[in-house]
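Architecture at a glance
Chain by chain, the residues run as shown.
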Amino acid sequence: MHRISIPKGARAVLLNLRYENHEAYVVGGCVRDSLLGKEPKDWDICTSATPDEVKELMHRRGIKTIDTGLQHGTVTVDMGTVGKYEVTTFRIDGNYTDGRHPDYVEFTESIYKDLSRRDFTINAMAYSAEEGLIDPFGGRDDLAAHLVRAVGEPERRFEEDALRILRLYRFAARFGFAIDPATGAAARALGPHLDCVSAERIQEELLKLLAAPRPRSYLEPAVLAVVLPELEPEKQPGRFAELCRTIDRIEPTAENVPTRLAALLCPLGEAGARKALRKLKCSNALTDEVTALVGEGAGSFLLGHESGARPIACGNRVPPQRTVLGETPGTPNTTLTVQVKRLLGRYELPTIQRLTALCSARHPEQTRAFAALRAEAERLTAENACCRVSQLAVNGRDLMAAGVRPGPGLRQVLNALLEAVITGQTPNEKDALLAAAAQFSAS
Ligand code: ATP
Ligand code: MG
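Residues numbered from 1 in each chain as written. Chains lettered and ligands numbered in written order. Predicted model: local features only at pLDDT ≥ 70, side-chain atom pairs only at ≥ 80, totals over all residues. Heavy atoms only, no water.

1. Structural notes on the sheet that holds strand 1 (residues 24–27)
Two orientations exist for strands paired in a sheet by backbone hydrogen bonds: parallel and antiparallel. The strand order across the open sheet formed by seven strands is 3-4-5-2-1-8-9, and the pairing between neighbours is mixed. Single-partner strands in this sheet number two, and they are strand 3 (64–69) and strand 9 (132–134). Averaged over all neighbouring strand pairs, the angle between strand axes comes to 35°, with direction disregarded. In the sheet, strand 2 (residues 44–47) pairs with strand 5 (residues 84–89) via three bridges, with the strands oriented parallel. Directly across from I45, in strand 5, lies its bridge partner V87. Across the face of the sheet, helix 1 (residues 8–19) comes into contact with strand 1, strand 2, strand 4 (74–78), strand 5 and strand 8 (126–128) while running at roughly 150° to strand 1. Along the sheet, helix 3 (residues 51–60) contacts strand 2, strand 3, strand 4 and strand 5; its crossing angle with strand 4, the most-contacted strand, is approximately 15°. (Pairing = 2+ DSSP bridges. Helix = DSSP H or I, 4+ residues; strand = E, 2+ residues; numbered from the N terminus. Axes fitted to C-alpha atoms, helices over the stretch in contact; angles between N-to-C directions. Contact = heavy atoms within 4.5 Å.)

Below is the structure:
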């Protein structure tokens, strides 16, 4: 028998329920991940006890509960220092007339019925120390075969809740599994049903899909055509395939999910990307970050010779032909330092790290140059180099005390001082800056 090592807090919740003759198991993702030898993110528990029974018996033991999703039968049990656990009553979902929510949720006494409403066989297993693995749909065999397969008849399951179509690719991508042919055929055929799923749910699954190690072969054009029709993945298959290759070249870290999203949205340009992100109801922070990456992502700030290059990060003083790419490796690279300082004046370091990852994935032949830029940004940040007016050794008050008149001219003097510091003409020291300011305001 397979033994799963359940953490202390979850074990205590199970024991409390079982002590009062309720059935209780860990279920879903934690069982799947344990069988795969991976550390589960969280441990979900399911039980035959109703939410009221769960609350009442926990309260009797002095354990706090939180009403998280009573309408779905979920209560969070707070085990203090050993964690919080979601406990959900066994349930069957009523008819889905809208393709997104069950019309009603019905509690049941049967773990088998509860498992049969779950999406994929690998997600439809439960476990308890007393009974071992409950696996009515062959989830363990599918895990061993590296296969994602719908529980029951795929068409019906995708018609009930079209989000499962996106979840199919998300789970397959996460583990690098194959998709059961009948399940895959149903997902492609029913892709258009995703249009009735809320933007928030789609966004969540799409971001998880993009966080997978190598999402490329799981970005199904028939599905993306519904989720992001602007990309025209079916009308422009060549362009779409190239986007997918670019995404796979970006390292799969949590920090790089916006980078991968930007890689996907690059053909839409800044305005188009922003519109698409708004439609997906992405947070303002994610929308701004991805839009900035799309805007800068062509790498034109470095590839000065590219057509359409914008001198944003180069400023006016650095001739476009003298870019990082033109420098001889090993020589003191003053141009690089100035360029990176200007970038750091506009963006935080994590954005620049994403930007270099994106540019390097889009222009793999320039990977070394982008790596040098990233390293320089990291070095300058570590030594707290002055890249912004706020980092100057003088502020507006100092300048006014030295006789600079308040008003828009003051801002201009500060900007000129920053420029002088960035280009190394003036050290970032109060006396030197005040002397330089006197010159600027006199001229
Ligand atoms: P993760 O580690 O990404 O959280 P997970 O398996 O826990 O993976 P969740 O989205 O948290 O995934 O869902 C928990 C469980 O609930 C799933 O394992 C699955 O059994 C079930 N489930 C979730 N969403 C659906 C759905 N739309 N249709 C059917 N079952 C679902
Ligand atoms: Mg989960």
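Structure shown, so let's carry the discussion forward.
2. Comments concerning the site of ligand 1
The immediate surroundings of ligand 1 are formed by 14 residues, with R32, R164, R167, R170 and R174 found nearest. Backbone polar atom of N123 to an oxygen atom of ligand 1: 3.0 Å apart, as the coordinates give it. Here a nitrogen atom of ligand 1 sits 2.7 Å away from a polar atom, N or O, in the side chain of R164. Here ligand 1 loses 82% of its free accessible area of 580 Å² to cover by the protein chains. Judged by its atoms lying within 2 Å of the grid points, ligand 1 is housed in the largest pocket. It is helix 7 (residues 163–175) that contributes the most residues to the shell around ligand 1, five residues altogether. Its residues assigned to classes, the shell around ligand 1 comprises one nonpolar, three polar and ten charged. (Near = heavy atom within 4 Å. Polar contact = N/O pair within 3.5 Å; in protein donor to acceptor, adjacent residues only side chain to side chain. Areas by Shrake-Rupley, 256 points an atom, 1.4 Å probe, with all protein chains shown as cover. 1 Å grid on protein atoms, 1.4 Å probe; cavity = no way out; pocket = protein on both sides within 12 Å on 5 of 7 lines; lining within 4 Å. Sits in = over half its atoms within 2 Å of the grid points. Nonpolar A, V, L, I, M, F, W, Y, C, P; charged D, E, K, R; others polar.)

3. As for the nonpolar core
Ranked by size, the top nonpolar core spans 87 residues in total, and within it L17 and L228 carry the most contacts. No other element matches helix 7, which puts nine residues into this core. Not counting residues within four places of it along the chain, the set of residues in contact with L17 comprises H22, A24, I45, T47, A49, V54, L57, M58 and V87. Core analysis: the next-biggest nonpolar cluster, separate from the first, contains 17 residues, V338, C386, L410 and L417 among them. (Core = buried A, V, L, I, M, F, W, Y, C linked by side-chain atoms within 4.5 Å. Buried < 20%, exposed > 50% of the residue type's maximum accessible area, 1.4 Å probe, protein only.)

4. Some remarks on the packing of aromatic side chains
Considering all chains together, one arrives at three aromatic pairs under this definition. Ring centres of F120 and F171 lie 6.2 Å apart, and the angle between their planes is 65°; this geometry places the pair in the edge-to-face category. Taken together, the residues F120 in the loop between helix 4 (111–116) and strand 8 and F171 in helix 7 connect sequence positions 51 residues apart. Between F175 and F177, the aromatic rings sit 5.4 Å apart at their centres with planes inclined by 40°, giving tilted as the arrangement. Residue F175 shares its accessibility class with F177, and that shared class is buried. Directly above the aromatic system of Y25 lies the positively charged group of R18, at a separation of 5.2 Å from the ring centroid. (Phe/Tyr/Trp six-rings, centres within 6.5 Å; stacked < 30°, edge-to-face > 60°. Lys NZ or Arg CZ within 6 Å of the ring centre and 35° of its normal.)

5. Notes on the packing of helix 19 (residues 408–422) against helix 20 (residues 430–442)
Where helix 19 meets helix 20, the closest approach of the two axes is 10 Å, and the angle between their N-to-C directions is 125°. In terms of orientation, helix 19 lies oblique with respect to helix 20. Along this stretch, helix 19 crosses helix 20, giving a crossing that reads as right-handed. In this structure, helix 19 contributes V413, A416, L417 and V421 to the contact, and helix 20 contributes L433, A436, A437 and F440. Broken down by class, the residue content of the contact of helix 19 with helix 20 amounts to eight nonpolar, no polar and no charged. (Parallel < 35°, antiparallel > 145°, perpendicular 65-115°, else oblique. Left-handed = near helix turned anticlockwise from the far one by under 90°.)

6. Details of the side chain of T291
Tracing the backbone through its elements, the reader meets T291 in helix 14 (residues 284–296). A distance of 2.5 Å separates the side chain of T291 from the backbone oxygen of T287, its partner in a polar contact. The residues contacting T291, other than those within four sequence positions of it, are E270, R274 and L277.

7. A closer look at helix 19
For helix 19, with 15 residues, the first-to-last C-alpha span of 21 Å sits near the 21 Å given by 1.5 Å per residue. L410, V413, L414, L417, L418, E419, A420, V421 and I422 are the residues of helix 19 that are buried. Contact partners of the buried residues in helix 19: helix 15 (334–346), helix 18 (396–401) and helix 20. (Expected span 1.5 Å × (residues − 1).)

8. Some points on the pairing of strand 3
When strand 3 meets strand 4, the two strands line up antiparallel, connected through five bridges. Looking at strand 4, one finds that G69 is bridged to T74. In sequence, strand 3 turns back onto strand 4 through a hairpin of four residues, with G73 there showing a positive phi of about 85°.

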